[in-house]
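Geometric and topological summary
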Amino acid sequence: DAKTTQPPSMDCAEGRAANLPCNHSTISGNEYVYWYRQIHSQGPQYIIHGLKNNETNEMASLIITEDRKSSTLILPHATLRDTAVYYCIVKSRAMGLNNDMRFGAGTRLTVKP
Amino acid sequence: DAGVIQSPRHEVTEMGQEVTLRCKPISGHNSLFWYRQTMMRGLELLIYFNNNVPIDDSGMPEDRFSAKMPNASFSTLKIQPSEPRDSAVYFCASSFGRSVISSGNTIYFGEGSWLTVV
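Here we summarise the structure given alongside this text.

Rules and cut-offs
- Residues numbered from 1 in each chain as written.
- Chains lettered and ligands numbered in written order.
- Predicted model: local features only at pLDDT ≥ 70, side-chain atom pairs only at ≥ 80, totals over all residues.
- Heavy atoms only, no water.
- Pairing = 2+ DSSP bridges.
- Helix = DSSP H or I, 4+ residues; strand = E, 2+ residues; numbered from the N terminus.
- Axes fitted to C-alpha atoms, helices over the stretch in contact; angles between N-to-C directions.
- Phe/Tyr/Trp six-rings, centres within 6.5 Å; stacked < 30°, edge-to-face > 60°.
- Disulfide = S-S within 2.5 Å.
- Buried < 20%, exposed > 50% of the residue type's maximum accessible area, 1.4 Å probe, protein only.

Moving on to the pairing of strand S8 (residues 74–79) of chain B. All names here are of chain B. For strand S3 (residues 19–24) and S8, the ladder comprises five bridges, and the chain directions are antiparallel. Of the residues in S8, the one forming a bridge with Thr20 is Lys78. Taken together, the five bridges between strand S7 (residues 65–71) and S8 define a ladder with antiparallel strand orientation. Its bridge partner lying in S8, Ala67 is registered against Leu77.

What holds strands together in a sheet is hydrogen bonding between their backbones, with the strands either parallel or antiparallel. Residue and element names in this part refer to chain A. Strand order in this open sheet of five strands is S1-S9-S8-S3-S4, and the pairing throughout is mixed. Either end of the sheet is taken by a strand with one partner, and the two such strands are strand S1 (9–13) and strand S4 (45–50). Direction aside, the axes of adjacent strands within the sheet are offset by 25° on average. Sheet analysis places strand S3 (residues 31–38) next to S4, joined by five bridges and oriented antiparallel. Its bridge partner being in S4, Tyr34 is matched across the sheet by His49.

By the definition in use, this model includes 11 aromatic pairs over all chains. With a centroid separation of 6.2 Å and an interplanar angle of 80°, the aromatic rings of Phe91 of chain B and Phe109 of chain B are classed as edge-to-face. Taken together, the positions of Phe91 of chain B in strand S9 (residues 88–95) and Phe109 of chain B in strand S10 (residues 108–109) put the pair 18 residues apart, joining distant regions of the chain. Taken together, Tyr36, Tyr46, Tyr87 and Phe103 of chain A together with Phe33, Tyr35, Tyr48, Phe91 and Phe109 of chain B form an aromatic cluster joined through their ring pairs.

As paired strands, strand S1 (residues 5–7) of chain B and S3 of chain B are joined by three bridges and run antiparallel to one another. Bridge pairing links Ile5 of chain B to Lys24 of chain B in S3 of chain B.

A separate point is the sheet that holds S3 of chain B. Residue and element names in this part refer to chain B. Spatial strand order, S1-S3-S8-S7: four strands in an open sheet with antiparallel pairing. The open sheet is flanked by S1 and S7, the only strands paired with a single partner. Sheet twist, expressed as the average angle between the axes of neighbouring strands with direction ignored, equals 15°.

This next bit is on the state of the cysteines. All names here are of chain A. For the structure on display, the rule yields two disulfides over all chains. Between the sulfur of Cys22 and that of Cys88 lies a disulfide, 2.1 Å long from S to S. Taking the sign of the torsion about the S-S bond as the criterion, the disulfide between Cys22 and Cys88, at about -80°, is left-handed. Here Cys22, found in strand S2 (residues 18–23), pairs with Cys88, found in strand S8 (residues 84–92); they are 66 residues apart in sequence, far enough to count as distant. On the accessibility criterion, Cys88 (2% relative accessible area) is buried. Sulfur of Cys12: no disulfide; nearest cysteine sulfur belongs to Cys22 and is 18 Å away. Given a relative accessible area of 9%, Cys12 falls into the buried group.

Right, let's get into unusual backbone geometry. With an omega of -10°, the peptide bond running from Ser7 of chain B to Pro8 of chain B counts as cis. Residue position: Pro8 of chain B is located in the loop between S1 and strand S2 (10–13). Going from Gln80 of chain B to Pro81 of chain B, the amide bond is cis rather than trans, its omega being -5°. Structurally, Pro81 of chain B is set in the loop between S8 and S9. One non-glycine residue with positive phi stands out, namely Arg68 of chain A, at about 65°. A positive phi is found at Asn52 of chain B, a non-glycine position, where the angle reads about 75°. Residue Asn52 of chain B is classed as partly exposed on the basis of its relative accessible area of 30%.

What follows is the structure, given as structure tokens:
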């Protein structure tokens, strides 16, 4: 699975958009980009994933560059409850026995009032 | 639908004692994962099962750690004997793969078991 690089920390003002970058320059054609977050003292929570097209759900939007070497997770209107560690993971298409998801250090997002 | 259920939520035990952590995955899921999280090492994958069969246990730190999945709805992670450096939060997670070539599986985590070995 391709390696990812994320900034260790970011701040965002409450109500503003939070844009969290992730570099995955060695991504291959069948690898998806996944985003999870972990709020303090809780288990990680799935946010969104994508392959090549931009994706949006009720939690966030995922923008993947055309060359797929980087992506940005967008929280359109950050709230204090969005303060968490955000993990970007690149994962190959599961082949039945290759379902594992491995986490890096992530980005610690702090939303400030 | 209930999520991944872990027990105990918190445990404090003395060095040398046996510790058993339990997990009930989401009904219908066919993959189960055990992770460990510490400040120093972050979130580490210890072992995962697919259809109750251990697939990759390369993350298990040493022989003191063992994991079993006797059926699709239950798994245990055992530490015997426990040591202070085993203090961590242990997460269980599960996912469902619809076919051998899947579109990528979302993993759902439990709330974790907070272990302190003194």
